[in-house]
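Single-letter residue listing:
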Amino acid sequence: MSRSAERWGPYPLVMAGAVLGVLAIFLVDAEWGGFALGAVLLVAAAVRFAGYGGALAVRTKNVDTPTLAMLGAALVVTALFLEYPDLKAQLLALFGR
């Protein structure tokens, strides 16, 4: 593996997925584009957690992984609530509120 590829890690792949997710939001459907973008962020969190994140000098894995995971999960849940409005009522009924 070259030094440049080691430094960048899988970030170009994650960036391409994020760009495709944003394009899907604007061109196809906001709900499923948001879902795709959230899924890309969850994949990025998994990749960073696995140690393939490259050499970042600013942030550590302990900061990146939870941040990416929380943002990705929030986008996925929000997209699902937008696509299926009854899901929120069903979840609230399930937990007794």
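Everything numeric here is computed off the predicted structure, so don't read it as measured data.

Enquirer: Go over the overall build of the protein chain with me, naming the residues and quoting the values.
Expert: Along its length, the protein chain carries 5 helices and 0 strands. For the protein chain, the N- to C-terminal ordering of α and β elements is α-α-α-α-α. Burial status across the protein chain gives 22% buried among its 97 residues. Residue pairs in contact within the protein chain that sit at least 24 positions apart in sequence constitute 59% of those at least 6 positions apart. Working note: accessible area of the protein chain is about 7,000 Å², and carbon and sulfur atoms make up 72% of it.

Enquirer: Could you give an account of the packing of aromatic side chains, naming the residues involved and the relevant values?
Expert: A full pass over the atoms with the stated rule returns 1 aromatic pair. Centre to centre, the rings of Trp32 and Phe35 are 5.3 Å apart; their planes meet at 65°, and the pair counts as edge-to-face. Of the two residues, Trp32 and Phe35 both sit in helix H3 (residues 30–49), 3 residues apart, roughly one turn of that helix.

About the thresholds
- Residues numbered from 1 in each chain as written.
- Predicted model: local features only at pLDDT ≥ 70, side-chain atom pairs only at ≥ 80, totals over all residues.
- Heavy atoms only, no water.
- Helix = DSSP H or I, 4+ residues; strand = E, 2+ residues; numbered from the N terminus.
- Buried < 20%, exposed > 50% of the residue type's maximum accessible area, 1.4 Å probe, protein only.
- Contact = heavy atoms within 4.5 Å.
- Areas by Shrake-Rupley, 256 points an atom, 1.4 Å probe, with all protein chains shown as cover.
- Phe/Tyr/Trp six-rings, centres within 6.5 Å; stacked < 30°, edge-to-face > 60°.

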